Amino acid sequence: MKKIEAIIRPSKLDEVKKALELIEVRGMTVSQVVGCGTQQGHTAVYRGQEYTVNLLEKVKIEIVTEDKFVEQIINRISTAAKTGAIGDGKIFIYPVEKAVRIRTGEIGEDAI
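Calculation rules
Residues numbered from 1 in each chain as written. Predicted model: local features only at pLDDT ≥ 70, side-chain atom pairs only at ≥ 80, totals over all residues. Heavy atoms only, no water. Helix = DSSP H or I, 4+ residues; strand = E, 2+ residues; numbered from the N terminus. Expected span 1.5 Å × (residues − 1). Buried < 20%, exposed > 50% of the residue type's maximum accessible area, 1.4 Å probe, protein only. Arc of directions from axis to C-beta. Contact = heavy atoms within 4.5 Å. Pairing = 2+ DSSP bridges. Polar contact = N/O pair within 3.5 Å; in protein donor to acceptor, adjacent residues only side chain to side chain. Core = buried A, V, L, I, M, F, W, Y, C linked by side-chain atoms within 4.5 Å. Axes fitted to C-alpha atoms, helices over the stretch in contact; angles between N-to-C directions.

Engineer: Please explain helix H2 (residues 70-81) as it appears in this structure.
Structural biologist: Because each turn of an α-helix spans 3.6 residues, side chains separated by three or four positions end up pointing in the same direction. In a regular helix each residue adds 1.5 Å, so twelve residues correspond to 16 Å; H2 covers 16 Å between its end C-alpha atoms and thus fits that length. Those residues of H2 not exposed but buried are Val70, Ile73, Ile74, Ile77, Ala80 and Ala81. Projected down its long axis, H2 shows its buried positions confined to an angular sector of 145°, all on one face. Across from the buried face of H2, at angles greater than 90 degrees, the exposed residues are Glu71 and Thr79. Next to the buried residues of H2 lie strand S1 (2-8), helix H1 (13-21), strand S5 (56-65) and strand S6 (89-95).

Engineer: Before we go on, may I ask you to explain the side chain of Lys12 in this structure?
Structural biologist: Along the polypeptide, Lys12 turns up in the loop between S1 and H1. You can call Lys12 buried: its relative accessible area is 13%. Excluding residues within four positions of it along the chain, Lys12 makes contact with Ala80, Ala81, Lys82 and Thr83.

Engineer: Sorry, what's going on with the pairing of S1 here?
Structural biologist: Within a regular strand, side chains alternate between the sheet's two faces. As paired strands, S1 and S5 are joined by seven bridges and run antiparallel to one another. Looking across to S5, one finds that Ile8 is bridged to Val59. As defined by bridge partners, S1 adjoins S6 across seven bridges and the pair is classed as antiparallel. Note that in S6 the partner of Ile8 across the bridge is Gly89.

Engineer: Teacher, can you tell me more about the side chain of Glu5 here?
Structural biologist: Inspection of the secondary structure assignment puts Glu5 in strand S1. One polar contact links Glu5 to Tyr94, side chain to side chain, over a distance of 3.4 Å. In contact with Glu5, other than residues within four places in its own chain, are Lys60, Ile61, Glu62, Lys90, Ile91, Phe92 and Tyr94.

Engineer: It is not clear to me how unusual backbone geometry should be interpreted in this structure. Could you clarify?
Structural biologist: Across the chain, the bulk of peptide bonds are trans and the bulk of non-glycine residues have phi less than zero. Here the phi dihedral of Glu24 falls at roughly 60°; this positive angle occurs in a residue that is not glycine. Within the secondary structure, Glu24 sits in the loop between H1 and strand S2 (29-35). A residue is classified by how much of its surface remains accessible, and Glu24, at 62% relative accessible area, is exposed.

Engineer: I'm lost on the nonpolar core in this one. Help?
Structural biologist: Looking at soluble globular proteins, one finds that nonpolar side chains tend to be buried together. Among the nonpolar cores identified, the biggest contains 18 residues, and Ile8, Val16, Leu20, Ile61, Ile63, Ile73 and Ile77 are the most heavily contacted of them. Listing elements by their share of this core, those giving two or more residues are S1, H1, S5 and H2.

Engineer: Before we go on, may I ask you to explain the sheet that holds S5 in this structure?
Structural biologist: The strands that make up a sheet are held in pairs by hydrogen bonds between backbone atoms, and each pair lies either parallel or antiparallel. With antiparallel pairing, the four strands of this open sheet are ordered in space as S2-S5-S1-S6. The open sheet has two edge strands, S2 and S6, and neither has a second partner. Recorded for the sheet is a direction-independent mean angle of 20° between the axes of neighbouring strands. Across seven bridges, S2 lies against S5 in antiparallel orientation. When the bridges of S5 are listed, Val34 appears paired with Glu57. Set on the sheet, H1 makes contact with S1, S2 and S5; between it and S5 the angle comes to about 15°. The strands touched by H2 are S1, S5 and S6; relative to S1, the strand with the most contacts, the crossing angle is about 5°.

Here it is as structure tokens:
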């Protein structure tokens, strides 16, 4: 099993969710996060004062899936989240040692 963690623009969340629904990915966790990467924020003006916004709002999507679906999910997220501009986001893949469904006690791939 693998955990896919994608950090994307908030404006792309609906497109990513729709793309994942087409391949029947139903289970995911979505969190609002802030951070910076290559983009390093931007400068803005508020009431005549210039200030730097270092941490930008992003959305983090977490999905645990069987190994055989990882590439398909990555492709769907990449295609749906891409604008071609700096700040589109990143996708990280982690190994998952074990999963347990609390309600039934199922373990491993049966739990996801």
